[in-house]
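# Results of the structural survey
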Amino acid sequence: MDKRIEATIAYVKEELQQAEGGHDWFHIERVHRNALHILKFESEADAEIVQLIALLHDIADSKFHNGDETVGPRKARAWLASLDYEPAVVEHVVKGIENISYKGGNFDQKFTSKELEIVQDADRLDAIGAIGITRVFNYGGFQNNPIHDPEQTPRFGMTKEEYKAHKGTSINHFYEKLLLLKDLMNTEAGKRIAAERHRYMEGFLAQFYAEWEGEA
């Protein structure tokens, strides 16, 4: 492994030691693994840039910095500069970090590249399936959100600002984000994996509602 990638891994581990469980080092590690798997089918992509975006994409998630979306890109830029990466690499990685997030699905993405598409898929895969389910409820507990309230319906068509400020139920988050991700994947490998994880979530929700109603 490249020494600068090794150094970045050590840096991210240190920075995220106290992070919320759904956005900690293990989340980064899973996204990194997902990205490397997708990369096997996308040989034209730059592997180093893919890894750097994956490793640094949540170095300072805005959810935990009062909504400030500039903290993460600034930290990533400073770190990459400290490793003497070429300016073009730094800009590519920083723009990738700035444009990776879901943000309610109506985010006007101002930059795209094959490398970003790969990491975006890798990150979205970690938001669905069995891992995605555990992350939803972990974050919901962290925020003290209700698990489910039959009188609260999912909200759609939120602006980016509304989506960031929204505190709904964990179950509604499946409809507001998780179940929408399958159709937003960029790569063929990402689409295949997402389809399987999507079906798993549908099965979970069916079982959840049956148990909620005392039918299972």
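Report on the accompanying structure. (Residues numbered from 1 in each chain as written. Predicted model: local features only at pLDDT ≥ 70, side-chain atom pairs only at ≥ 80, totals over all residues. Heavy atoms only, no water.)

## Looking at a nonpolar patch on the surface
This is how it is decided: Exposure above 30% relative accessible area and the absence of a salt bridge qualify a residue for a patch, where like charges join within 9 Å and nonpolar side chains (Val, Leu, Ile, Met, Phe, Trp, Tyr) within 5 Å. The Shrake-Rupley method, run with a 1.4 Å probe sphere, supplies the accessible areas, and residue values consider only the shown protein chains as cover. One speaks of a salt bridge when a side-chain nitrogen belonging to Lys or Arg is within 4 Å of a carboxyl oxygen belonging to Asp or Glu. Note on conventions: DSSP H or I runs of at least 4 residues are helices, E runs of at least 2 residues are strands, and numbering of each starts at the N terminus.
Taken together, the side chains of Phe-156, Leu-180 and Leu-184 define a hydrophobic patch exposed on the protein surface, amounting to about 270 Å² of accessible area. Assignment of secondary structure puts Leu-180 in the loop between helix H9 (170–176) and helix H10 (188–212).

## Details of the packing of aromatic side chains
Put simply, the rule reads: Working definition: a ring pair exists when centres of Phe, Tyr or Trp rings (six-membered ring for Trp) sit within 6.5 Å. Plane angles under 30 degrees give stacked, over 60 give edge-to-face, the rest tilted. By definition here, charges over rings are those cases where NZ of Lys or CZ of Arg is within 6 Å of the ring centre and within 35 degrees of the ring normal.
Counted by the stated rule, this structure contains eight aromatic pairs. Taken together, Phe-137, Phe-174, Phe-204, Phe-208, Tyr-209 and Trp-212 form an aromatic cluster joined through their ring pairs. A cation over an aromatic ring shows up here: Arg-4 above the ring of Tyr-85, its NZ or CZ 3.9 Å from the ring centre. When the ring centre of Phe-41 is taken as origin, the NZ or CZ atom of Arg-192, which lies over that ring, is 5.2 Å away.

## Observations concerning H10
Since the α-helix advances by 3.6 residues per turn, residues separated by three or four positions end up pointing in the same direction. Let me state the cut-off plainly: In this scheme, a helix's expected span is set at 1.5 Å multiplied by one less than its residue total. Only protein chains enter the area calculation, which uses a 1.4 Å probe; residues under 20% of their type maximum are buried, those over 50% are exposed, and those in between are partly exposed. Whether two residues are in contact is decided by their heavy atoms, any of which lying within 4.5 Å being enough.
Over its 25 residues, H10 runs 36 Å from end to end, which matches the ideal 36 Å to within 8%, given 1.5 Å per residue. Taken residue by residue, H10 has Ala-189, Gly-190, Ala-194, His-198, Met-201, Leu-205, Phe-208 and Ala-210 as its buried positions. Those residues of H10 that are buried are in contact with helix H2 (25–39), helix H6 (114–125), helix H7 (129–142) and H9. Backbone geometry just after H10 places Gly-214 at a positive phi near 70°.

## Comments concerning the nonpolar core
Using the following cut-off: By nonpolar core we mean a set of buried residues, namely Ala, Val, Leu, Ile, Met, Phe, Trp, Tyr and Cys, connected to one another through side-chain atoms within 4.5 Å.
In terms of nonpolar packing, the biggest core is built from 57 residues, with Val-12, Leu-56, Leu-80, Tyr-85, Val-93 and Phe-174 touching the most fellow members. Looking at this core, the element that brings in the most residues is helix H3 (residues 47–56), giving seven residues. For Tyr-85, the contacting residues outside a window of four places in its chain are Asp-2, Arg-4, Ile-5, Glu-48, Leu-52, Leu-80 and Val-90.

## Some details on the packing of H3 against helix H5 (residues 87–98)
Rules: Interaxial angle, 0 to 180 degrees, is taken between N-to-C directions of lines fitted to C-alpha atoms, where a helix line uses only the stretch in contact. Working definition: roughly parallel below 35 degrees, roughly antiparallel above 145 degrees, roughly perpendicular at 65 to 115 degrees, and oblique for all remaining angles. Each crossing gets its handedness from the near helix: less than a right angle anticlockwise from the far helix is left-handed, clockwise is right-handed. Polar here means any residue outside two lists: the nonpolar Ala, Val, Leu, Ile, Met, Phe, Trp, Tyr, Cys and Pro, and the charged Asp, Glu, Lys and Arg; Gly therefore counts as polar.
Contact geometry of H3 with H5 gives a least axis separation of 9 Å together with a crossing angle of 45°. Classified by the angle their axes make, H3 and H5 are oblique. You can see that H3 and H5 cross each other, and the crossing is right-handed. Residue-level inspection shows Ile-49, Leu-52, Ile-53 and Leu-56 of H3 in contact with H5, the latter providing Val-89, His-92, Val-93, Gly-96 and Ile-97. Its residues assigned to classes, the contact of H3 with H5 comprises seven nonpolar, two polar and no charged.

## Details of the environment of Arg-77
What counts here: Counting of polar contacts relies on pairs of N or O atoms within 3.5 Å, with two restrictions inside protein: one atom must be capable of donating a hydrogen and the other of accepting it, and residues adjacent in sequence are counted only when both atoms are side-chain atoms.
Mapped onto the secondary structure, Arg-77 falls in helix H4 (residues 71–82). The spatial distance from the C-alpha of Arg-77 to the C-alpha of Val-94 is 6.4 Å, given a sequence separation of 17 residues. Residues contacting Arg-77, with those up to four places away along its chain left out, are Val-90, Glu-91 and Val-94. Side-chain polar atoms of Arg-77 contact the side chain of Glu-91, separated by 2.5 Å.

## Points about the packing of H4 against H5
Interaxial distance between H4 and H5 falls to 9 Å at its minimum, and their mutual angle equals 160°. What the angle tells us is that H4 and H5 run roughly antiparallel. As for the relative orientation of H4 and H5, their crossing is right-handed in sense. Between H4 and H5, the residues in contact are Pro-73, Ala-76, Arg-77 and Leu-80 and Val-90, Glu-91, Val-93, Val-94, Ile-97 and Glu-98, respectively. Of the residues belonging to the contact of H4 with H5, the class tally is seven nonpolar, no polar and three charged.

## With respect to H2
Taking 1.5 Å per residue, 15 residues should reach 21 Å; H2 reaches 21 Å between its end C-alpha atoms and fits that length. If you follow the buried residues of H2, they end up packed against helix H1 (3–15), H3, H6, H7 and H10. The N-capping residue of H2, defined by a side-chain oxygen 3.2 Å from the backbone nitrogen of Phe-26, is Asp-24.

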